[in-house]
Amino acid sequence: MLPQTKTCPAVSSISIELGAFMATVSFSWANPSLMVEICQVEFNGTKTFHSPVESVVMEIFSSDSLLIMTSTSGAITLGTESVGDIKNVLVNNCIVKDSHRGFAVRAREGGTISNVRFSNSLVHTRTFSDMWWGHGEALHVTAFAWNDPGKIGDGNPERAFEGFVREIRFENLTIDSEAGILNWAARPELIEDIQYSGIKMKIGTRSKWDHRIDLRPNDIQNFVERAHNAVEAVNCTGVRFEGCEVIWDKSSREKYGELVHSEGSFGLEFAGIKESIA
């Protein structure tokens, strides 16, 4: 169950609660810099939850105080350097505008990211560079080891550990994206129980960059050089879609692949997703 929320000092539009918090939480929103007791809001950088984080609730509580994020990096990322666990996270009522990536759950370094909900938000993404992680995807869920598990080094041995993802919910999101919804793991045990409901996504070309799927950080397979599909589900367990719609931009539909691409996965349910061209 998600925790009760309380308001951070000096941040009237954000409700956030941290339990066993042992690392920096940083964001780069289109807000002036703000410093409060246990969280930091920055003007530039990456909005990443490191770990361990026991419980986080980030919510805008009225339409008069929407959180608008504009970034040529990513809007909100959970994980990447996640040796410990991140759990019980709510992200609600946000606007992501002109971002290189939208909402990402990126499990690496042995930690588990679980019980996360992204809801009631608008997400607009496009590719800004082929050098940065990601490639214009609005929703991103991946689980890998950062480095090759067979090559544990002395500097950062935790980077050879695979991360885990459990119980992620994406609900009532309106999306305009250049890339598809990404669910991809090194093996099916790493990603389990991902649900998409009430997602309406328009997908089409927004930049000059060629299509590719970006799985970084991942030394074994960093890129997949092919056209984007609307939904990718590779090596996952229990990915489900309910009441979802994909609208292809007719001016660039021929550049894209299928509605759904899946391989090496189990317990997938795609009956609740439809497509059209406009």
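Residues numbered from 1 in each chain as written. Predicted model: local features only at pLDDT ≥ 70, side-chain atom pairs only at ≥ 80, totals over all residues. Heavy atoms only, no water.

Draft legend 1. Geometry of empty space enclosed by the protein. Evaluation of the coordinates by the stated rule reveals two cavities of 30 Å³ or more. There is about 80 Å³ of room inside the largest cavity. In this structure, the largest cavity is lined by H135, E137, A179, G180, I181, L182, R212, I213, D214, H228, N229 and E232. Taken together, the elements giving at least two residues each to the lining of the largest cavity come down to strand 14 (181–185) and strand 16 (213–214). In terms of residue class, the lining of the largest cavity is built from four nonpolar, four polar and four charged. (1 Å grid on protein atoms, 1.4 Å probe; cavity = no way out; pocket = protein on both sides within 12 Å on 5 of 7 lines; lining within 4 Å. Points joined across faces, edges and corners; volume = space filled by probe spheres on them. Helix = DSSP H or I, 4+ residues; strand = E, 2+ residues; numbered from the N terminus. Nonpolar A, V, L, I, M, F, W, Y, C, P; charged D, E, K, R; others polar.)

Draft legend 2. Looking closely at the pattern of salt bridges. As enumerated under the stated definition, the model contains eleven salt bridges in all. Note that D176 and R206 form a salt bridge whose closest N and O atoms lie 2.9 Å from each other. Taken as a pair, D176 in strand 13 (residues 164–177) and R206 in the loop between strand 15 (191–203) and strand 16 lie far apart in primary sequence, 30 residues in all. Residue D176 is classed as partly exposed on the basis of its relative accessible area of 21%. One salt bridge in this structure joins R240 and D193, with 3.1 Å as the shortest N-O distance. Here R240, found in strand 19 (residues 237–242), pairs with D193, found in strand 15; they are 47 residues apart in sequence, far enough to count as distant. (Salt bridge = Lys/Arg side-chain N within 4 Å of Asp/Glu carboxyl O. Buried < 20%, exposed > 50% of the residue type's maximum accessible area, 1.4 Å probe, protein only.)

Draft legend 3. The arrangement of the packing of aromatic side chains in detail. Under the criterion given, the structure shown has seven aromatic pairs. Seen from their ring centres, W248 and Y256 are 5.7 Å apart, and the 55° between their planes marks the pair as tilted. On the accessibility criterion, W248 (0% relative accessible area) is buried. An aromatic cluster of at least three residues, connected via ring pairs, comprises F103, F118, F170, Y196, F241 and F270. Seen from the ring of F128, R126 lies directly overhead, with NZ or CZ sitting 4.2 Å from the centre. Seen from the ring of W146, R159 lies directly overhead, with NZ or CZ sitting 3.7 Å from the centre. (Phe/Tyr/Trp six-rings, centres within 6.5 Å; stacked < 30°, edge-to-face > 60°. Lys NZ or Arg CZ within 6 Å of the ring centre and 35° of its normal.)

Draft legend 4. Spotlight on the confidence of the model for the protein. This prediction gives the protein a mean pLDDT of 78; 74% of its residues lie at or above 70. Note that pLDDT drops below 50 for residues 1–47; the model gives that stretch 121 contacts with residues more than four away or on any other chain. Contacts from residues 53–65, a stretch scored under 50 in pLDDT, to residues over four places away or in other chains number 57 contacts. (pLDDT = per-residue confidence, 0-100. Contact = heavy atoms within 4.5 Å.)

Draft legend 5. Local environment of the environment of A145. Mapping A145 onto the fold places it in the loop between strand 12 (139–143) and strand 13. Judged by relative accessible area, A145 falls into the buried class, the value being 7%. For the pair A145 and G110, spaced 35 residues apart in sequence, the C-alpha to C-alpha distance is 7.8 Å. When near neighbours in sequence (up to four residues on either side) are disregarded, A145 contacts R108, R159, A160, F161, E162, P217 and N218.

Draft legend 6. Summary view of the nonpolar core. Residues F103, F118, L139, V165, F170, I194 and Y196 are the most contacted members of the largest nonpolar core, which totals 45 residues. In terms of residue count, the dominant contributor to this core is strand 15 (six residues). Contacts of Y196, omitting those with residues within four sequence positions, involve L139, V141, F170, I181, L182, N183, V239, R240, F241, E242 and C244. Counting seven residues, the second largest nonpolar core, distinct from the first, contains W184, I213, L215 and V224. (Core = buried A, V, L, I, M, F, W, Y, C linked by side-chain atoms within 4.5 Å.)

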